[in-house]
Amino acid sequence: MPEEITRQFTPYVPKGDEEYMSSQQRDHFRKILNSWKAELSNDIDRTVHTMQDEVTMFADPNDRASQESDMALELRNRDRERKLIKKIDETLAKIDADEYGYCESCGVEIGLKRLEARPTATLCIDCKTLDEIRERQVAK
């Protein structure tokens, strides 16, 4: 997750006999994802307005190049956030379809703590670890 995101929420504490991904748990994650999405959307809107307000034509080519470089970096960051919003929307759809919280690879429960750390997780920790090992081997 991006460092700028400062989502605050109370960790979910399941009741002793509560089954995994109960309606209360799904509501908990829906709330986390919606607040994260709103925060990202606000950041994107703020960036667009800031970029429109700060457009200045500098006479010095170095100043102009520096401004363009800053804008390009900002746009790349916002594009990454736009993709994350899309992933959040996909995750919310999974919650609505009662498919959230289970590993896409092996089907086991992902776990509440992992989902609170990364609400858009689609793989359990074991499958994600194997996936990362494969990526490293292919990259060599």
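Attention in this report is confined to the structure presented alongside it. (Residues numbered from 1 in each chain as written. Predicted model: local features only at pLDDT ≥ 70, side-chain atom pairs only at ≥ 80, totals over all residues. Heavy atoms only, no water.)

1. Description of the overall build of the protein chain
Phase 1: When helices and strands are counted, the protein chain shows four helices and zero strands.
Phase 2: Traced from its N-terminal end to its C-terminal end, the protein chain shows the element sequence α-α-α-α.
Phase 3: In terms of overall size, the protein chain is more extended than a compact globule, its C-alpha atoms giving a radius of gyration of 20 Å where 140 residues would be expected to give roughly 14 Å.
Phase 4: Projected onto its principal axes, the C-alpha coordinates of the protein chain cover approximately 70 × 40 × 25 Å.
Phase 5: Residues counted as buried form 30% of the 140 residues belonging to the protein chain.
Phase 6: Contacts in the protein chain between residues at least 24 apart in sequence constitute 58% of all its contacts with a sequence separation of at least 6.
Phase 7: Accessible area of the protein chain: about 9,600 Å², with a carbon and sulfur share of 51%. (Helix = DSSP H or I, 4+ residues; strand = E, 2+ residues; numbered from the N terminus. Rg over C-alpha atoms; globule rule 2.2 N^0.38 Å. Buried < 20%, exposed > 50% of the residue type's maximum accessible area, 1.4 Å probe, protein only. Contact = heavy atoms within 4.5 Å. Areas by Shrake-Rupley, 256 points an atom, 1.4 Å probe, with all protein chains shown as cover.)

2. With respect to the environment of Asp45
Phase 1: Tracing the chain through its elements places Asp45 in helix H1 (residues 23–53).
Phase 2: A relative accessible area of 42% places Asp45 in the partly exposed class.

3. Observations regarding the nonpolar core
Phase 1: Membership of the largest hydrophobic core comes to 23 residues, with the highest contact counts inside it found for Met21, Phe29, Ile88 and Leu115.
Phase 2: Listing elements by their share of this core, those giving two or more residues are H1, helix H2 (61–96) and helix H3 (112–117).
Phase 3: Not counting chain neighbours up to four residues away, the residues in contact with Leu115 comprise Tyr20, Met21, Phe29, Tyr100, Gly101, Ile110 and Ala121. (Core = buried A, V, L, I, M, F, W, Y, C linked by side-chain atoms within 4.5 Å.)

4. A look at the pattern of salt bridges
Phase 1: All told, the structure shown has ten salt bridges when counted by the stated rule.
Phase 2: Where Asp98 meets Arg26, a salt bridge forms, and the shortest distance between an N and an O atom there is 3.1 Å. In this pair, Asp98 sits in the loop between H2 and H3 while Arg26 sits in helix H1, placing the two residues 72 residues apart along the sequence.
Phase 3: The exposure class assigned to Arg26 is buried, which follows from its relative accessible area of 18%.
Phase 4: In the salt-bridge network here, residues are joined through shared partners; they are Asp27, Arg30 and Asp96. (Salt bridge = Lys/Arg side-chain N within 4 Å of Asp/Glu carboxyl O.)

5. Let's talk about the packing of aromatic side chains
Phase 1: Inspection of the entire model under this criterion finds two aromatic pairs.
Phase 2: Both rings, one in Tyr20 and one in Tyr102, keep their centres 5.3 Å apart while their planes meet at 85 degrees; by these two values the pair is edge-to-face. Placement of the pair is Tyr20 in the segment before H1 and Tyr102 in the loop between H2 and H3, with a sequence separation of 82 residues.
Phase 3: Note on Tyr20: relative accessible area 14%, which makes it buried. (Phe/Tyr/Trp six-rings, centres within 6.5 Å; stacked < 30°, edge-to-face > 60°.)

6. Describing the environment of Cys127
Phase 1: Summarising the element assignment, Cys127 is placed in helix H4 (residues 125–139).
Phase 2: Look at Cys127 and you get buried, because its relative accessible area is 14%.
Phase 3: Setting aside its immediate chain neighbours within four residues, Cys127 contacts Cys103, Ser105 and Cys106.

Purely spatial values, then, with no claim about function.
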